[in-house]
Amino acid sequence: MTSLRGVLAALGFMLAPLWLSSPIRADEPVFRFVHAAQAHGYGEAALDYLEQLRALGRVPRELNETWDLELSRSYRAAVAEAFNAAEAETRQAKAQTHLDKFLKEHPDHPAVAGAMESWGDMTLDRALEQVRAASGLKDAALKEKHLAAARSDLEEAGPRYVNAAQRYLERLSALRSEASEDGKRPRSAALLTRKQREAAEALRDAELAWLDCRFKAAKIDFHLGQTIEDRKSPQRQASFKAAAGAFDDLFQSYRESLVGLHAHLWHGRSVDELGNDQLALDIYDEVLATAPEGRERAPGLEPLFAQAQYHRLLVVKRVQGLGPFLEQANEWLKLRRPWEKFDAYQGVALAVAKTNLAHAEEIAGAKKGPLVRSALASLAEIARSRGPYQQEAILLRRQYTQSGAQDLSTVKTFDEGFALAESASDSLDWPAAAAALERALELRASATDKERVAEAQKRLDYARYQWAAAHYTAGKFAESLALARKLMDERSDSPLAPPAASLAVAAALSLYAGSENKQESLAELAAIAKDTIQRWPDKAEADDARIALGQASLVRGEVDEALKVFENVNPRSLRYPSALFLAGQTHWRRYLTWQRQGGPQPGAERLAGERTTAEKQLRESLGGQRKSAPQGEPMSRQMLETQLLYSEVVAEAGRMKEAAELVEPLVEWIRAQKPDPLDNMLLRVFLAAARAEISQGELGKAAETAGLLFELAPDAPAANGVLISIVKTFGDRWHEAEAEVIEAGGDAARRSAAESEAEKRKKLVAGLLAQLVPRKEQSLAARIYLADTSAQLNETDTARTLYLAILAQGDSDPAFGKANAAALTRIRTQLVGLIRRKAQKEDEFKEGLKQVDELIAAFPNALEPKMEKGRLLQAWADVDPARLADAVAHWTLLRTRLARARRKPPEYYEVVYNAASCLATDSLKTGNREKALQAEQLLTATLVLSPRLSGPEMVAQYKVLLQQARQLQGRAGASAQK
């Protein structure tokens, strides 16, 4: 990014000479070297120099104070020297980290203004990179994603420049005050003292810094407008109006200086974007009025005048048409031929060539050929000049001279191949990019810039690496392995060789995991891993290889061997946190296997030790990842997975508050990032968060978590399964509240509070269920659960529809019906239950009884129909007391049969309860206290043998019924606990 300060300083621009006080002397050799290296883009050299100073203990006191600021500036300069995008991002992040540290530790340092400006520069650079990435994209959604990122960065950078400008102005005001107190100065510069000369330079620098920040702040508004493609957007209009006003303010204050000239040009560009063509033309003409006549030179100002003419001619083309545009443009190109090296000159030439080609397509006859040849000749000239228009010129020329598929044999120059590679890279077509770069390097003799040839080789390495990575992402592990192995072997001195080796190891491990010939694929993995470790023993990639061998041991079931590898990675290694994660994950999986899957059981102490070790290693891994993560960057997937697993381990230990604190930030990460698709790990985040929140009684927050999952998750089995699990957890809390209602008994206040809570939880379940029911990709168990819960919520129509849909599938698909015969029998029973819920008349009860008897006859061993028959008889008895004896007899018979089972099913406790309830009802209606005593004895005996029954709700029901039975015997004060 070229700053106004840099341009004006290069031109020797002078302002009023005043004194600038600063603790950093610009003439000291250390600062001269570092600042020169930073200014010319040699960030790596600056970093090396700073590190050498520290290693030798020769860091000046002033540099100690601004150490992090200089590191930040050097890393920022080194971004352009990065060998790939990943390294560029890393350097940018390090620049930001050191800058943040400096600002935090030295908030009042005189260099803070420069630091704030640097902060703005970094963010602006990032924004302009996003704009550049968006410019060549045809995918509207992807383009808008880049533009939105650019807007976010620009909105962050703006206040930084405003803050820096204010600080520079305060410094400038102080210097002017000092100068006014210093008295009269000599008229001749030659008579100035050294102090006076330093003061003059200081004031010039201070005013330039202030103006530069004002200029950059105005550019922020200009670029913000450029990120909005809708020309009628109020936000776009406001941005360009703000930019136009700011540039005009600068112009009005500095009309007779180069500052004003630059500001006037940008004022013209701003109103140009607003569509104010006439005002834009007037401003461009005013700028060009200061340009030299004819072929006169304008030392240092040629780029400015060329840029003004470029933008003016585009307005002429838009307003006056092609004829006036071509006439004026061609005349200017001839007149300013000496300026052909400047970008704007090339831009005008390209615009003329494109106009001629477009015109040639609309005409026929003798005029067409010369027009095309002239345009192609112009494109050939542009293609030979390095600049922002070279690539477009090369590609456009090939478009008109080539037909059919791209034939790289027709590429005749290095620049042409390089341009084709750039275009392919912009489209992420890595095979085409690699092929074009290979052709370019074959033609390296035609290149005039050795550094650009070296850049082509770096880009070829990068394209091959990305190609291999794309294969890996697509699951083409063999192809990925071949490409990565070739890169690490043929380009072993490339910075990408170690990462390629790591990718090759990962691909080999994936092939081994899915291979039928384990011995052969293991040998290949071992060979690549050994090669990587031998070549780069101290690099992180060597640890990747060691870890891969440990993962291979896991595939073979050699858990102890794998743990030995993971737990012996050097703690100083960059991969140590990853190794700790794998170790913790392995201990955790072994803990779960031992605890939940049966088999040989270790002692309780060792079982607890596995969980404790897993927790400790995951905690340390998470701490290490957080420490090394770039500040301000989104959470990495590895960190997210570690934090999730750590929260699950903590939840297993019963520390639900801590688990919630760990997992809720992950939900917020998903809310912000909106990753697509939501894979199984991300689905686990929602399940863990909802369970932790529900366990803390934060049902509203848990409902919001579930709502976000509904919003982001597709109608797919995995996502729907997690949603079912969350709803079930809500359902458990609803039933607990229902049990509390029963437990409250005659305590009016307690009962009212319990009923209110139960109703609130019921509504949450109903709301979630309403969103789940329309989803189609549900397992059979999920569909049955949805129908059952709908019935419990008295949504009988919904329940019936769901039940009948399952039965219809069974009728149309014999294989499904046979495989799920027991489930279908239960569903038919549930449909009888729906009849029972609405039955009031004798005919309705008889119809239900008929259907349930048919089910019992068809499925004599099925328990569900027998249970439903008892419920139906009992409901009938509530309407017709004469049926009470039938209900008692049925429940008694069923209780006797179920009592023989060694492990009582949950239905047994309902049978006992219902039998006791019928006896209590009989006692109430007849006054027979013996029946109430029988009910009490039945309930008490069952509670003594199985205190927990089938759950808390059933226990509460037993206690309430016990109290009623004792009251029916005349023991009103008797406690249900006795």
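Everything quoted here is computed from the prediction, not taken from an experiment. The residue count restarts for each chain, going from 1 along the sequence in the order it is written. This being a predicted model, a pLDDT of at least 70 is required before a residue's local features are given, and a value of 80 or more before pairs of side-chain atoms are given or counted; all residues contribute to the totals for chains, interfaces and linings. Heavy atoms from the whole structure form the basis of all side-chain values; hydrogens and water molecules are not counted.

Student: Looking at this structure, I do not really get the overall build of the protein chain. What am I missing?
Tutor: Put simply, DSSP H or I for four residues or longer makes a helix, DSSP E for two residues or longer makes a strand, and each gets a number counted from the N terminus. Check the secondary structure of the protein chain and you find 43 helices and zero strands. Atoms considered for the radius of gyration are the C-alpha atoms alone. The globule rule reads 2.2 Å times the number of residues to the power 0.38. For 978 residues, the compact-globule estimate of 2.2 N^0.38 gives 30 Å, and the protein chain exceeds it by more than 25% at 39 Å. Taking all 978 residues of the protein chain together, 46% fall into the buried category. In what follows, a contact means two residues having at least one pair of non-hydrogen atoms within 4.5 Å. Excluding contacts between residues fewer than 6 apart, the proportion of contacts in the protein chain whose partners are at least 24 apart in sequence is 62%. Accessible areas in this description were obtained via Shrake-Rupley with a 1.4 Å probe; residue shielding takes into account the shown protein chains only. Per element, the accessible surface of the protein chain, about 48,700 Å² overall, is 51% carbon and sulfur. Each charge class in the protein chain can be summarised by its mean position, and for the 132 positive and 135 negative side chains these summaries are 2 Å apart. The buried label applies to any residue whose accessible area, calculated with a 1.4 Å probe on protein chains only, is under 20% of its type's maximum; exposed applies above 50%, and partly exposed to all values in between. Under this rule, positive means Lys or Arg and negative means Asp or Glu; His and the chain ends count for nothing. By convention, the point assigned to a charge is CZ for Arg, NZ for Lys, CD for Glu and CG for Asp.

Student: Got a minute to help me understand the side chain of T355 in this structure?
Tutor: On the secondary structure map, T355 appears in helix α15 (residues 343-362). Whenever two N or O atoms come within 3.5 Å, that pair is a polar contact, provided that in protein one can donate a hydrogen and the other can accept it, and provided that, for residues adjacent in sequence, both atoms are side-chain atoms. Within the structure, the side chain of T355 is placed 2.7 Å from the backbone oxygen of A351, a separation counted as a polar contact. The contact partners of T355, leaving out residues within four places of it in the chain, are K317, L322, F325 and L326.

Student: What is the right way to look at the packing of aromatic side chains in this model?
Tutor: Each aromatic ring pair is summarised here by two numbers: the centre-to-centre distance and the angle between the ring planes. Note on ring pairs: Phe, Tyr and Trp rings are taken, using the six-membered ring of Trp, and paired if centres are within 6.5 Å. Classes follow the plane angle, with under 30 degrees stacked, over 60 edge-to-face and the rest tilted. Under the defined criterion, the tally for this structure stands at 16 aromatic pairs. With centroids separated by 5.1 Å and ring planes inclined at 80°, the aromatic side chains of F222 and W266 adopt a geometry described as edge-to-face. You can see F222 sitting in helix α9 (residues 194-226) and its partner W266 sitting in helix α11 (residues 258-273), a full 44 residues away along the chain. Taken individually, F222 and W266 each receive the classification buried, so the pair is uniform in this respect. An angle of 40° between the planes, with centres 5.7 Å apart, marks the rings of F247 and W266 as tilted. Of this pair, F247 sits in helix α10 (residues 234-253) while W266 sits in helix α11, and the two are 19 residues apart along the sequence.

Student: Teacher, can you tell me more about the packing of helix α3 (residues 43-56) against helix α5 (residues 67-78) here?
Tutor: When two helices pack together, their arrangement is given by the angle between their axes and by how far apart the axes lie. With their axes 7 Å apart at the nearest point, α3 and α5 run at an angle of 150° to one another. The angle between the axes of α3 and α5 places the two elements in the roughly antiparallel class. Of the residues in α5, those touching α3 at G43, E44, A46, L47, L50, E51 and R54 are W67, E70, L71, S74, Y75, A77 and A78. For the contact of α3 with α5, the residue count by class is eight nonpolar, two polar and four charged. Axis lines are fitted through C-alpha atoms, for helices just across the contact stretch, and the angle between N-to-C directions can take any value from 0 to 180 degrees. Any angle that is under 35 degrees is reported as roughly parallel, and any over 145 degrees as roughly antiparallel; angles of 65 to 115 degrees are reported as roughly perpendicular and all others as oblique. Three classes are used, and their members are as follows: Ala, Val, Leu, Ile, Met, Phe, Trp, Tyr, Cys and Pro are nonpolar, Asp, Glu, Lys and Arg are charged, and the others, Gly among them, are polar.

Student: For this particular structure, what's the right way to read helix α22 (residues 497-514)?
Tutor: Counting along an α-helix, one turn takes 3.6 residues, and residues three or four places apart therefore face a common direction. Its 18 residues give α22 an end-to-end C-alpha distance of 26 Å, which sits within 8% of 26 Å, the value for a rise of 1.5 Å per residue. Of all 18 residues in α22, 13 are buried, a share of seventy percent or more. Expected span, for any helix, means 1.5 Å times one less than how many residues it has.

Student: Sorry if this is basic, but what is going on with the packing of helix α39 (residues 863-879) against helix α41 (residues 906-926) here?
Tutor: Where α39 meets α41, the closest approach of the two axes is 11 Å, and the angle between their N-to-C directions is 20°. Relative to α41, the element α39 lies roughly parallel. Where α39 crosses over α41, the handedness of that crossing is left-handed. Contacts between α39 and α41 pair L863, M867, R871 and Q874 from the former with E907, E910, V911, N914, S917 and C918 from the latter. Broken down by class, the residue content of the contact of α39 with α41 amounts to four nonpolar, three polar and three charged. The sense of a crossing depends on the near helix, which, turned anticlockwise from the far helix by less than a right angle, makes the crossing left-handed and, turned clockwise, makes it right-handed.

Student: Could you clarify how one ought to interpret the nonpolar core in this entry?
Tutor: A general trend in soluble globular proteins is that nonpolar side chains are found buried together. As used here, the term nonpolar core means buried Ala, Val, Leu, Ile, Met, Phe, Trp, Tyr and Cys residues forming a set that is joined through side-chain atoms within 4.5 Å. Counting residues in each nonpolar core, the largest one holds 82 residues, and the members touching the most others are L640, L678, V685, L709, I726 and F730. Sort the elements by how many residues they give to this core and helix α30 (residues 680-695) lands first, with 11 residues. Every residue in contact with L678, bar those within four places of it in the chain, is listed here: I670, L683, F686, L709, L712 and A713.

Student: I keep staring at helix α38 (residues 842-858) and nothing clicks. Help me out?
Tutor: Helix length check: α38 (17 residues) gives 24 Å between terminal C-alpha atoms against 24 Å at 1.5 Å per residue, within 8%. Along α38, the residues classified as buried are F845, G848, L849, V852, L855 and I856. Angularly, the buried residues of α38 cover 125° about the axis, an arc narrow enough to put them on a single face. Among the exposed residues of α38, those oriented more than 90 degrees off its buried face are D843 and A857. On the buried face of α38, the contacting elements are α37 (821-838) and α39. Directions drawn from the helix axis to the C-beta atoms are what define this arc.

Student: Mind showing me how you'd approach the pattern of salt bridges here?
Tutor: Think of it this way: side chains of opposite charge can pair up when their charged atoms draw near. Put simply, a salt bridge is a Lys or Arg side-chain nitrogen that is within 4 Å of an Asp or Glu carboxyl oxygen. Here the structure, examined in full by the defined rule, presents 63 salt bridges. When the shortest N-O distance is used, the salt bridge between R590 and E610 registers 3.3 Å. Residue R590 is located in helix α26 (residues 576-596), and its partner E610 is located in helix α27 (residues 604-628); the two are separated by 20 residues in the primary sequence. Residue R590 is classed as buried on the basis of its relative accessible area, which comes to 13%.

Student: I keep staring at the confidence of the model for the protein chain and nothing clicks. Help me out?
Tutor: A low pLDDT score tells you not to read the predicted coordinates there in detail. By definition, pLDDT measures how confident the predictor is in each residue, and it falls between 0 and 100. Of the residues in the protein chain, 91% reach a pLDDT of 70 or more, and the chain-wide mean stands at 84. Predicted confidence for residues 9-27 stays below pLDDT 50, and this span has 57 contacts to residues more than four positions away or in other chains. For the stretch residues 974-978, pLDDT sits under 50, and the model shows 12 contacts to residues farther than four places along the chain or on other chains.

Student: Help me out: how do you make sense of unusual backbone geometry in this one?
Tutor: When glycine is set aside, most residues are seen to have a negative phi, and most peptide bonds are trans. Of note, the amide linkage connecting D676 to P677 takes the cis form, showing an omega dihedral of 5°. With respect to the secondary-structure elements, P677 resides in the loop between α29 (656-673) and α30. Despite not being glycine, K674 shows a phi value in the positive range, around 50°. Structurally, K674 is set in the loop between α29 and α30. A positive phi angle, close to 65°, is found at N794, a residue other than glycine. With respect to the helices and strands, N794 occurs in the loop between α34 (780-792) and α35 (796-812).

Student: I would appreciate a short explanation of the environment of K776 in the present structure.
Tutor: Checked against the element boundaries, K776 lands in the loop between α33 (748-772) and α34. Relative accessible area serves as the criterion here: at 68%, K776 is assigned to the exposed category. Along the chain, K776 and V955 lie 179 residues apart, while their C-alpha atoms are 37 Å from each other.

Student: Explain the environment of H106 to me, please; I cannot follow it from the model alone.
Tutor: Structurally, the position occupied by H106 is in the loop between α6 (85-105) and α7 (112-135). The exposure class of H106 is partly exposed, given its relative accessible area of 24%. Taking C-alpha positions, H106 is 32 Å from A243, a pair spaced 137 residues apart along the chain. Not counting the four nearest positions on each side in its chain, H106 is found in contact with E65 and V112. In terms of polar contacts, H106 uses its side chain to reach the backbone carbonyl oxygen of E65, at 3.2 Å.

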